[in-house]
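Residue strings, one per chain:
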Amino acid sequence: MHDTIADAPAPDDISAFRQEVRDFIAQAADAEIREAGRKMTSFFPSFEPTMRWHRILHRRGWAAAPWPREYGGPGWSVEQQQIFEDECRRAGVPRLLPQGLAMVGPAIMKFGTPEQKQRFLPGIASGDDFWAQGYSEPNAGSDLASLSCRAVREGDHYVINGSKTWTTYAHHANRMFLLVRTSTEGKPQQGISFFLLDRLDLPGLTIRPIIGLDGFPEQCDVFFENVRVPLDSCLGEENKGWTVAKYLLEYERGGSSSFATHFRNELDAIRRLATSSGDGFGGRVVDDPVFQQRYARLLMETAALEATEVQFAALEKGSPESGPMSSMIKITSMETLQRITELAVDVAGTPSLTLQLQALTVGSGVEPIGPEEALTIMPKYLNNRAASIFGGSNEIQRNIIAKLLLSR
Ligand SMILES: Cc1cc2nc3c(=O)[nH]c(=O)nc-3n(C[C@H](O)[C@H](O)[C@H](O)COP(=O)(O)OP(=O)(O)OC[C@H]3O[C@@H](n4cnc5c(N)ncnc54)[C@H](O)[C@@H]3O)c2cc1C
């Protein structure tokens, strides 16, 4: 999408732009939205306030930050996008959910018919629609190509039977992009189609939330029993969905939102906590050399990640470089994230051990026991164990890198 992005603005314009973003967030993000940002315990923030924030940003023309102007984006340079992310993280507003804006949106831009673009992109940009990702199945996770959820043509419809699992926020979604098997001929990859479901209140479709390790329902099981969808549900050609699926995964893995700005924010919070926490020997944690080494290393990893993310943002997706690079970003960012959450637990000590679900719930009004900074630390630690699994596990990313780079 980089070819339609504006040229980098002059330094004066950049500081004016930063101020404009800062001022807007200060007046537009209300207390509930900020609370949702502060209480983020997962990669996926609290649904309702986050979508409300999405719609507020859309009214300002800023929700679809990396999108080209023709599809409703602001036409910002990569630097402006970074500044926008940075200001959002500083202000503590929640990250926008990636499934529409940063995953299926770009895939529709690339593979959609003019009619599909017109029908689906405005609702993604505005936040009126939320899309769930129906890739994984109980027997097809890492080996995605072996998926068996089946769609069979019957008159002017496809009839879908099978199930999907780990479908994030499907219980909130009104739309779903879905991989289905439409042929068993040839290699498994050749019989897969990419469907766009424009409603989920269909007869035979059941969505059942799964409670995560942090105590919240985030992922879902989705069951299809003779679910009828129209023949124009395919994005791209029938049986050619694997190409679309891989293209989308590059966006998902390569930073569906800017990880580095988020990590810097987390590291700032850890430093504040370390400054106010005793080390048990009369000193402060922040002065402990082991803490300082771990902290410095994480800062350096975050800086390196940011440089890579900027390169990736400017890269044509689907190119020979973009696939392996997205896998590298996925591995390094998620390993860094896990190390950050480990350091936070070590710094917080026992106050992080109490799981306070009510105090964590946005809008509950329940005061936390102990310091508020410690409230999210353990749920984040637990939830982010999944970071090296979702979007394709780290082992699978290493396999992809080996195949695409080392065996060239
Ligand atoms: C929090 C979370 C959110 C998710 N959200 C979604 C979503 O919205 N939509 C969606 O479709 N899916 C989603 N997923 C599913 C995710 O994509 C899968 O969990 C992931 O691809 C791994 O598949 P699996 O769980 O079936 O594990 P398996 O494939 O059973 O793998 C088990 C273990 O074996 C290893 N392994 C498997 N094959 C190989 C191999 N060839 N070489 C080396 N090691 C191997 C894996 O690395 C892993 O450690 C989500 C998962 C999580 C945890």
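Residues numbered from 1 in each chain as written. Predicted model: local features only at pLDDT ≥ 70, side-chain atom pairs only at ≥ 80, totals over all residues.

## Remarks on the overall build of the protein chain
- Of the regular secondary structure elements, the protein chain holds 13 helices and seven strands.
- For a compact globule of 408 residues, the expected C-alpha radius of gyration is about 22 Å, and the protein chain comes in at 22 Å, within 12% of that figure.
- Its C-alpha atoms put the protein chain at 75 × 50 × 50 Å along the principal axes.
- Considering the protein chain as a whole, with its 408 residues, one finds that 45% of them fall into the buried category.
- Looking at the protein chain alone, contacts between residues at least 24 apart form 73% of all its contacts between residues at least 6 apart. (Helix = DSSP H or I, 4+ residues; strand = E, 2+ residues; numbered from the N terminus. Rg over C-alpha atoms; globule rule 2.2 N^0.38 Å. Buried ≥ 20, exposed ≤ 12 C-beta atoms within 10 Å, placed from the backbone. Contact = placed C-beta atoms within 7 Å.)

## Regarding the environment of Tyr-135
- By the secondary structure assignment, Tyr-135 is in the loop between strand E1 (131–134) and strand E2 (150–154).
- Taking the C-alpha atoms as reference points, Tyr-135 and Pro-371, 236 residues apart in sequence, are found 40 Å from one another.
- Filtering out sequence-adjacent residues up to four positions away, Tyr-135 remains in contact with Leu-144, Leu-179 and Ala-245.

## Some details on the site of the ligand
- Inspection of the region around the ligand gives 19 residues, with Tyr-135, Gly-141, Ser-142, Trp-166 and Ser-393 positioned closest.
- Listing elements by their share of the shell around the ligand, those giving two or more residues are E1 and helix H13 (394–406).
- Counting residues per element, the shell around the ligand draws most heavily on H13, at three residues.
- Of the residues assigned to the shell around the ligand, the class counts are six nonpolar, twelve polar and one charged.
- No fewer than three residues from each of domain 2 (131–241) and domain 3 (258–406) sit in the shell around the ligand. (Near = placed C-beta within 6 Å. Nonpolar A, V, L, I, M, F, W, Y, C, P; charged D, E, K, R; others polar. Domains from an automatic or database assignment.)

## Focus: the packing of helix H9 (residues 289–313) against helix H10 (residues 322–348)
- Relative to each other, H9 and H10 sit at 155 degrees, their axes nearing to 10 Å. When the axes of H9 and H10 are compared, the pair comes out roughly antiparallel. The handedness of the crossing between H9 and H10 is left-handed. Contacts between H9 and H10 involve Phe-291, Arg-294, Tyr-295, Leu-298, Glu-301, Thr-302, Leu-305, Thr-308, Glu-309 and Phe-312 on the former and, on the latter, Met-325, Ser-326, Ile-329, Thr-332, Ser-333, Thr-336, Arg-339, Ile-340, Leu-343 and Val-347.
- Across the contact of H9 with H10, the residue classes break down as ten nonpolar, six polar and four charged. (Axes fitted to C-alpha atoms, helices over the stretch in contact; angles between N-to-C directions. Parallel < 35°, antiparallel > 145°, perpendicular 65-115°, else oblique. Left-handed = near helix turned anticlockwise from the far one by under 90°.)

## So, the nonpolar core
- In terms of nonpolar packing, the biggest core is built from 102 residues, with Phe-195 and Val-347 touching the most fellow members.
- Of all the elements, H10 adds the most residues to this core, at eleven residues.
- Non-local contacts of Val-347, meaning those with residues more than four positions away in its chain, are made with Ile-270, Leu-273, Ala-274, Ser-277, Val-285 and Phe-291. (Core = buried A, V, L, I, M, F, W, Y, C linked by C-beta atoms within 7 Å.)

## Regarding the environment of Leu-147
- On the secondary structure map, Leu-147 appears in the loop between E1 and E2.
- Residues Leu-147 and Gly-162 lie 15 residues apart in sequence; the distance between their C-alpha atoms is 9.5 Å.

## Observations regarding the packing of helix H8 (residues 259–276) against H10
- Contact geometry for H8 and H10: axes closest at 10 Å, N-to-C directions at 15 degrees. Here H10 runs roughly parallel to H8, going by the angle between their axes. Considering how the two elements wind past one another, H8 and H10 form a crossing that is left-handed. Listed contacts from H10 to Phe-259, Phe-263, Glu-266, Leu-267, Ile-270, Leu-273 and Ala-274 of H8 are Ser-333, Thr-336, Leu-337, Ile-340, Leu-343, Ala-344, Val-347 and Ala-348.
- Taken together, the residues of the contact of H8 with H10 sort by class into twelve nonpolar, two polar and one charged.

## Describing the environment of Ala-91
- Position of Ala-91 relative to the elements: it lies in helix H4 (residues 78–91).
- For Ala-91, a count of 18 C-beta atoms within 10 Å corresponds to the partly exposed category.
- Taking C-alpha positions, Ala-91 is 8.9 Å from Ala-29, a pair spaced 62 residues apart along the chain.
- Every residue in contact with Ala-91, bar those within four places of it in the chain, is listed here: Ile-25 and Ala-29.

## Digging into unusual backbone geometry
- Positive phi values are uncommon outside glycine, yet Trp-166 reaches one of about 60 degrees.
- Position of Trp-166 among the secondary structure elements: in the loop between strand E3 (157–164) and strand E4 (175–181).
- With a phi close to 50 degrees, Asn-226 is a non-glycine residue in the positive phi region.
- Relative to the assigned elements, Asn-226 resides in strand E7 (residues 217–230).

## Here's the deal with the pairing of E1
- Covered by surrounding structure in E1 are Trp-131 and Gln-133 together with Ala-132 and Gly-134, the residues of both alternating faces.
- As paired elements, E1 and E4 share four bridges and run parallel to each other. Its bridge partner being in E4, Ala-132 is matched across the sheet by Met-176. (Pairing = 2+ DSSP bridges.)

## Brief notes about the domain arrangement of the protein chain
- Examined at the domain level, the protein chain breaks down into domain 1 (2–96), domain 2 (131–241) and domain 3 (258–406).
- For domain 1 versus domain 2, the separation of C-alpha centres amounts to 31 Å.
- If you look at the interface, domain 1 gives four residues, while domain 2 gives five residues.
- Taken together, the residues of the side of domain 1 that touches domain 2 break down into two nonpolar, two polar and no charged.

## As for the confidence of the model for the protein chain
- Mean pLDDT over the protein chain works out to 92, with 96% of the residues at or above the 70 mark.
- Here residues 1–6 is a poorly scored stretch, pLDDT under 50, and it has 16 contacts once near neighbours within four places are set aside; other chains count. (pLDDT = per-residue confidence, 0-100.)

## Topic: H4
- Here H4 is 14 residues long and its end C-alpha atoms lie 20 Å apart, about the 20 Å a rise of 1.5 Å per residue gives.
- Gly-92 occupies a position one or two residues after H4 and carries a positive phi of about 75 degrees. (Expected span 1.5 Å × (residues − 1).)

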